[in-house]
Amino acid sequence: MPTAHLVLSGAKVRTLDPDRPYATSVAVRDGLIAAVGDETDVRDWCGPGTEVVHLDGAHLVPGLVDAHSHPVWGLDMATGTDLSGVTDLAGLRAALADAERTDGWVTGFGLDHNAFEGRTVDRDLIEDVLDGTPAFLRLYDGHSALVTGPALTAAGVHGPRDFAQRSEVVCDASGRPTGHLVEHAAMDLVAAIAPRPSCAARRARLVELLSAMAATGLTGAHVMDAGDPELVDSVARETVLPVRLRFAPWCMPGADRTALDELVAVQGRGGRHWRTGGVKFFMDGTVEGGTAWLEHADCHGQGTDAFWPDPEAYAAAVRHLHAAGVRTATHAIGDAAVRHVLDVVEGLGPGGRGAHRIEHIETVPDELLPRFARLGVAASMQPPHTAYTRADGTDEWSRRLGTGRAGRAWRLRDLRDAGAVVALGSDWPIAHYDARAVLATARTPRGAASTRAGLTGLEALEGCTTHAALAAGESATTGRITPGLRADLTALGLDPVTAPADEVTQAPVRLTVTGGHVVYRGT
């Protein structure tokens, strides 16, 4: 029999394969799992060129996958001063006063809405500490930003704008822009002229980022944007991408038939460890930004509009892509947005089953839960987002929704109990990419979701393995440790299923294998 290129022995293997749930050794050849067995089998798999790694009792599981991430687009989002540690206005002002200037600008990211302490987001709160410096500060949600007057002037923004999608240059009663830019089209007005890392810097950061992701046990990511195919391919040709990337380019309001056909044409394009597969839509924005599409207005009187001004145009686009065999993923946070996506998938008939997914799902009523399983719609959720809320309801997310809707926060347990596929991710750079934190927070949600039961240890692991594979339509090629599937494997120093959740966050990562390549070795 052909010998293996890599053999992992002495492990406690949890395969997630019901035909053989446990083993102690795995053989890898040509990027695939060649055999799964016991220590007595190892010598039969080895040859002169076989690398044998003794795992000394480490727990080997299918490679962990982040089901929602932005590792390439995030290179531009997460630039400048890291504001994620700012908790109040005084801290923000201090951070900006000391912030590094890049090409005469201050840029920042990760700013929590709660830092404004209930105040209206307005450039007046910060401009005096910046001494006329243009500034572009992304809020943590990635859907809004605060910019200063000099930045608005440089971009030629002097008042409100009309957009084809749900976006807003927020203005006060006099028509003066407050500096609060809501949603992508509005932010792009200033982002287009703000400093951006060079190609060389982005390339170096991509390699560094993917290597850091692999060090947490990640072997794959569902990338919910188009990324930068030329950048990714150039890196993939020269080295092994430590994390396998599956891209879903955006389809935005106003997309005509030509644009849709272009999205169809790029499906399947890629290289080693990266591929385009699927299309990403937005049905709404965020709760904190007032753009989540809700059945009833939020407590600020906002949230009753869809991201697509004509929701039927969204439905037509989904139908067009579905007929071409393209999978879709739709950002839907509010209850009205989730309901609309489910209605659209239901309209596709039985052929829509298992081909579409919804991202985020932060608040939904009881009656929507069983529809996920009945229609075969995967729920893609990001447990670390719960940390932006507070159990006492004093955070911006909870205050906007009110007690009733905030009480339906991140219903991971309820969706699993209703039979849904629940895939888990981080949404980096919105939350940290550490796969161990995703597993742990799925079991013990925080803030507004902390009163609800989380997933079991096994369900959390499935969310980053078998259920992530189902959400991507890849269950025949990945998600389990069984012969013929991808050799994407993660070895941890403790059992992620049975160990306490708080210990999982610190679990030693012993080995990460992507496509048969050892991409990380722990000490």
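Residues numbered from 1 in each chain as written. Predicted model: local features only at pLDDT ≥ 70, side-chain atom pairs only at ≥ 80, totals over all residues. Heavy atoms only, no water.

## Let's talk about the pattern of salt bridges
In plain terms, the rule: Just to be clear on terms, a salt bridge is a Lys or Arg side-chain nitrogen sitting within 4 Å of an Asp or Glu carboxyl oxygen. The helix and strand labels rest on DSSP assignments: H or I over at least four residues marks a helix, E over at least two residues marks a strand, and numbering proceeds from the N terminus. Between buried and exposed lies partly exposed: a residue is buried under 20% and exposed over 50% of the maximum accessible area for its type, with that area taken using a 1.4 Å probe on protein chains only.
This model, assessed by the stated rule, comprises 36 salt bridges. Salt-bridge contacts for D495 lead to R14; the nearest nitrogen and oxygen are separated by 2.9 Å. Of this pair, D495 sits in the loop between β24 (489–492) and α17 (501–504) while R14 sits in strand β2 (residues 12–14), and the two are 481 residues apart along the sequence. Across this residue pair, the class does not change: D495 and R14 are buried. For D38, the salt bridge is made with R20, and the minimal N-O distance between the two is 3.3 Å. A residue pair is termed long-range when its members are at least 10 positions apart, and D38 in the loop between β5 (32–37) and α1 (39–45) and R20 in the loop between β2 and β3 (22–23) qualify at 18 residues. Ionic contacts of the salt-bridge type, sharing partners, join the residues D76, R196, R202 and D228 into one network.

## Some words on the side chain of H360
What counts is decided by this rule: As used in this structure description, the phrase polar contact means that two N or O atoms lie within 3.5 Å; if the pair is within protein, one of them must be able to donate a hydrogen and the other to accept it, and residues adjacent in sequence are counted only when both atoms belong to side chains. Note on definitions: a residue-residue contact is assigned when non-hydrogen atoms from the two residues lie within 4.5 Å.
Mapped onto the elements of the fold, H360 is located in strand β21 (residues 356–360). In terms of polar contacts, H360 uses its side chain to reach the side chain of Q382, at 2.5 Å. What H360 contacts, discounting residues up to four positions off in sequence, is H68, H331, A332, I333, S380, M381, Q382, H385, W410 and D427.

## Quick word on the layout of surface pockets
Selection criterion: In the cavity and pocket records, a cavity denotes points on a 1 Å grid over the protein atoms alone where a 1.4 Å probe fits but cannot get out, a pocket denotes an open set with protein on both sides within 12 Å along at least 5 of 7 lines, and lining residues are residues with an atom within 4 Å of a point. Grid points are joined across faces, edges and corners, and a volume is the space filled by probe spheres set on the points. Only Asp, Glu, Lys and Arg are considered charged in this grouping, and only Ala, Val, Leu, Ile, Met, Phe, Trp, Tyr, Cys and Pro are considered nonpolar; every other residue, Gly among them, is considered polar.
Its volume calculated, the largest pocket comes out at about 490 Å³. Lining the largest pocket we find 24 residues, and of these D82, S84, F109, P429 and H432 sit closest to its centre. Elements represented by at least two residues in the lining of the largest pocket include exactly β10 (106–111) and α6 (199–214). Across the lining of the largest pocket, the residue classes tally to 13 nonpolar, six polar and five charged. Counted as a void, the second largest pocket has a volume near 400 Å³. Along its surface, the second largest pocket is lined by 23 residues, and T120, V121, H180, H300 and R400 are the ones closest to its centre. Elements with a contribution of two residues or more to the lining of the second largest pocket: β13 (168–171), β14 (177–182) and α12 (396–406). The residue makeup of the lining of the second largest pocket, split by class, is five nonpolar, ten polar and eight charged.

## Thoughts on the packing of helix α8 (residues 257–265) against helix α9 (residues 311–323)
Our working rule: As a rule, the C-alpha atoms of each element are fitted with a line to give its axis, helices using only the stretch in contact, and angles between N-to-C directions run from 0 to 180 degrees. For this classification, under 35 degrees means roughly parallel, over 145 means roughly antiparallel, 65 to 115 means roughly perpendicular, and everything else is oblique. Take the far helix as the reference: if the near one is turned anticlockwise from it by less than a right angle, the crossing is left-handed, and if turned clockwise, right-handed.
At a minimum axis separation of 10 Å, α8 and α9 run at an interaxial angle of 40°. Classified by the angle between their axes, α8 and α9 sit oblique to one another. Pair α8 / α9 crosses with right-handed handedness. Facing R257, L260, D261, L263 and V264 of α8, the residues of α9 in contact are A317, H320 and L321. Here the contact of α8 with α9 is built from residues that sort into five nonpolar, one polar and two charged.

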